[in-house]
Amino acid sequence: MTQQPNLAPIPELYVNADSAQKLKVEAGNMPSWDLTPRQICDLELLMNGGFYPLKGFLTEADYDGVVEDMHLTSGALWPMPINLDVSEAFADGLEPGTDIALRDQEGVILAIMSVTDKWTPNKKREAEKVFGADDLAHPAVNYLHNVAGPVYLGGPITGIQPPTHYDFRARRDTPNELRAFFRKLGWRRIVAFQTRNPLHRAHQELTFRAAREAQANLLIHPVVGMTKPGDVDHFTRVRCYEAVLDKYPQATTHLSLLNLAMRMAGPREAVWHGIIRRNHGMTHMIVGRDHAGPGKNSQGQDFYGPYDAQELFRKNQDEIGIEMVDFKQMVYVQERAQYEPRDEVEAGATILDISGTELRRRLREGLDIPEWFSFPEVVAQLRRTSPPRHKQGFTVFFTGLSGSGKSTIANALMVKLMEMGGRPVTLLDGDVVRKHLSSELGFSKEHRDINIKRIGYVASEITKNGGIAICAPIAPYTATRRAVREMVEQFGAFLEVHVATSVEECERRDRKGLYKLAREGKIKEFTGISDPYEVPENPELRVQTEGVDVDFAAQQVLLKLEQMGLVGLS
């Protein structure tokens, strides 16, 4: 294993300014694809060399090799499928040999892709091979099945310009910019610390020890692209990193941001992170406990073993091209008032630790966070964006069959919350939203999904700005409800309420005569009759309405909100 990095420039996929200008003109006649946020992250790292040796989105043969055994057809190690997933409608008009313009979400052209391959992947196989299980509890598997397009495109990329970032511009370095920085400072051994969380004292101790063990300079290299739903937003995290940077020796530590869309793929993700860090000029990388793990599967077990990532990295270390610095969990030993690796602490010593769940609870409830756990500067930043829960915005999302009583209970809850005061309350009723936001939509599955996602988007904006959103659509599909939850939980709490009224009772109440028309076949795709309603498996609250008055049902929701700490506190 070589410990001296090759800091010569790495190949990029950009053309020069004159060629880029000509291509922009030519692109006006090409089919255009507006990239998703994840695709923009992937494209940026393709173009700037972060994904070297890839020269574009994977061909079908390369994709098959990556999925099966983490190798490209060239023989090079590559563990993660990087494909342009598109809709069937867009793919139908394309043949291999077609050039397409790749644009950001504002229509700015970033690259030209020469399509060589078009295929429909076996996503179940991809989930099992890459993520270890076809389990929708894994955020990347859920993305694969419910967000990603059904058709994959492969082919080389011609880069025209990088995506524009308006935030933390001085901290964003391409692989070649970092390599030049290391050359200038004479750094020959550099250890990368990969993180998607704020830095606390345990992380500082871990990184100090890793740099000392590797006799290397330290690059704190946090991901600011897409991470796991529910993670602290990257703006807050970067402010936290900047707040503790002066705790590190300035001459031997650097902070740089990586615009990567993580997949939370555990062992394969660790190998992928290693290759990306090699491309950025690192010689070493810290791989800790449960590296890039997504948490629990649908059976409540961890997706990956705590040291599976270290084992796969170690097995492939020569091909990755950098050395692993493996670290166990760091814990605080009260008797010695210092952090030590968990497996080195003798029996009987008092170990103090605060889990991520406990930290979030303390932030939510405004409780003390001790200085042995985190730096006051970090806690101050977290408190700015995580005020006590009774001051945060939140969304109450009612779901149930037509006629179940959703709108009635939602109206009663709205009045009760307005009576309490303190935060603005907005009711997003299914029928009202259809009239004002979705009047052009029909009732196909696709259109119903669009309607619910519009409601989710508005609710997320209300939540982000400290208000209360009450939603009362039918929302029959599990995947769409999950998408709405993920939109909202970036900014505040989400309470799913299943109004569990039976179809027989809904039909008996049928004031609008809709069930009768559906039974007669005069209304197509009617939820509960000719179209399925997927019952929520684990809503925060399930409300029965038969034999119960509206006031009692609304009070149940209010009590749940109080239990969650969202209302009822001064």
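Check the entry above for the structure.
Residues numbered from 1 in each chain as written. Predicted model: local features only at pLDDT ≥ 70, side-chain atom pairs only at ≥ 80, totals over all residues. Heavy atoms only, no water.

> What is the right way to look at the pattern of salt bridges in this model?
Note on pairing: side chains with opposite charge can pair once their charged atoms come close. Using the criterion set out here, one finds 28 salt bridges in the structure. For the salt bridge of Arg172 with Asp167, the shortest nitrogen-to-oxygen distance reads 3.0 Å. On the basis of relative accessibility, which here comes to 15%, the residue Arg172 falls in the buried class. In this structure, the salt-bridge partner of Glu346 is Arg336, at a minimum N-O distance of 3.1 Å. With Glu346 in the loop between β14 (338-341) and β15 (351-352) and Arg336 in the loop between β13 (330-333) and β14, the pair connects residues that are 10 residues apart, well separated along the chain. Through salt bridges with shared partners, one network takes in Arg481, Arg485, Glu489, Glu496 and Glu540. (Salt bridge = Lys/Arg side-chain N within 4 Å of Asp/Glu carboxyl O. Buried < 20%, exposed > 50% of the residue type's maximum accessible area, 1.4 Å probe, protein only. Helix = DSSP H or I, 4+ residues; strand = E, 2+ residues; numbered from the N terminus.)

> Teacher, can you tell me more about the pairing of strand β7 (residues 151-159) here?
Every other side chain in a regular strand lies on the same face of the sheet, so the side chains alternate between the two faces. Where burial is concerned, most of β7 is hidden: 7 out of the 9 residues are buried. Pairing between strand β3 (residues 84-86) and β7: 3 bridges, direction antiparallel. Paired with Asp85 across the bridge in β7 is Tyr152. With 3 bridges connecting them, strand β5 (residues 109-114) and β7 associate as antiparallel partners. Bridging across to β7, Ile112 finds its partner in Thr158. In this sheet, β7 lies alongside strand β6 (residues 117-119) in antiparallel orientation, the contact comprising 3 bridges. Among the inter-strand pairings, Trp119 is bridged to a residue of β7, identified as Tyr152. (Pairing = 2+ DSSP bridges.)

> I tried to follow the nonpolar core on my own but got confused; where do I start?
Where a protein is soluble and globular, its nonpolar side chains tend to be buried together. Of all hydrophobic cores here, the largest spans 73 residues; its most connected members are Phe51, Trp78, Leu84, Leu102 and Ile157. Discounting residues that sit within four places of it in the chain, Trp78 has contacts with Phe51, Tyr52, Pro53, Leu54, Val66, Met70, His71, Leu72, Trp272 and Ile275. In terms of nonpolar packing, the next biggest core, distinct from the first, is built from 35 residues, Leu199, Tyr248, Tyr339 and Val378 among them. (Core = buried A, V, L, I, M, F, W, Y, C linked by side-chain atoms within 4.5 Å. Contact = heavy atoms within 4.5 Å.)

> Would you mind showing me how to read the environment of Lys328 here?
Take Lys328: it is sitting in the loop between β12 (323-326) and β13. Ignoring any residue separated from it by four or fewer positions in sequence, one finds Lys328 in contact with Leu206, Tyr307, Gln310 and Asp343.

> Sorry if this is basic, but what is going on with the packing of helix α15 (residues 406-420) against helix α21 (residues 550-563) here?
Each pair of packed helices can be described by the angle between their axes along with the distance between the axes. At a minimum axis separation of 9 Å, α15 and α21 run at an interaxial angle of 55 degrees. As summarised for this structure, α15 and α21 are arranged oblique, according to the angle between their axes. The way α15 lies across α21 gives a crossing that is right-handed. Two secondary-structure elements touch here, α15 through Thr408, Ile409, Ala412, Leu413, Lys416, Leu417 and Met420 and α21 through Val550, Asp551, Ala553, Ala554, Gln555, Val557, Leu558 and Leu561. Residues of the contact of α15 with α21, tallied by class, amount to 11 nonpolar, 2 polar and 2 charged. (Axes fitted to C-alpha atoms, helices over the stretch in contact; angles between N-to-C directions. Parallel < 35°, antiparallel > 145°, perpendicular 65-115°, else oblique. Left-handed = near helix turned anticlockwise from the far one by under 90°. Nonpolar A, V, L, I, M, F, W, Y, C, P; charged D, E, K, R; others polar.)

> Would you explain the sheet that holds strand β11 (residues 284-287) in this entry?
Two modes of strand pairing occur in sheets, parallel and antiparallel, and in both the strands are linked by backbone hydrogen bonds. Pairing in this open sheet of 5 strands is parallel, and the strands run β10-β9-β8-β11-β12 from one edge to the other. What marks the edges here is a single partner per strand, and that holds for β10 (253-255) and β12. The mean inter-strand angle of the sheet, taken between neighbouring strand axes irrespective of direction, is 25 degrees. Pairing between strand β8 (residues 190-195) and strand β9 (residues 217-222): 6 bridges, direction parallel.

> For this particular structure, what's the right way to read the sheet that holds β15?
If you trace the 3 strands from one edge of the open sheet to the other, you get β14-β13-β15, paired in antiparallel fashion. Only two strands of the sheet have a single neighbouring strand rather than two, namely β14 and β15. With 2 bridges connecting them, β13 and β15 associate as antiparallel partners. Considered in β15, the bridge of Tyr332 is made with Leu352.

> How do you make sense of the packing of helix α5 (residues 123-131) against helix α6 (residues 139-146) when you look at a structure like this?
Here α5 crosses α6 at 165 degrees, and the two axes come no closer than 10 Å. Viewed along their axes, α5 and α6 adopt a mutual orientation that is roughly antiparallel. Here the hand of the crossing between α5 and α6 comes out right-handed. Residues Lys123, Lys124, Glu126, Ala127 and Phe131 of α5 touch α6, and the partners they reach there are Ala140, Val141, Leu144 and His145.

> What's the story with unusual backbone geometry in this structure? I'm lost.
Outside of glycine, negative phi angles account for most residues, and trans bonds account for most peptide bonds. Of note, the amide linkage connecting Tyr52 to Pro53 takes the cis form, showing an omega dihedral of 20 degrees. In this structure, Pro53 sits in the loop between α2 (37-47) and β2 (56-57). We note that Met264 has phi near 60 degrees; this positive angle belongs to a residue other than glycine. Following the sequence through the fold, Met264 ends up in the loop between β10 and α10 (267-279). Judged by relative accessible area, which is 1%, Met264 ranks as buried. One non-glycine residue, Asp290, adopts positive backbone phi at about 50 degrees. Relative to the assigned elements, Asp290 resides in the loop between β11 and α11 (308-315).

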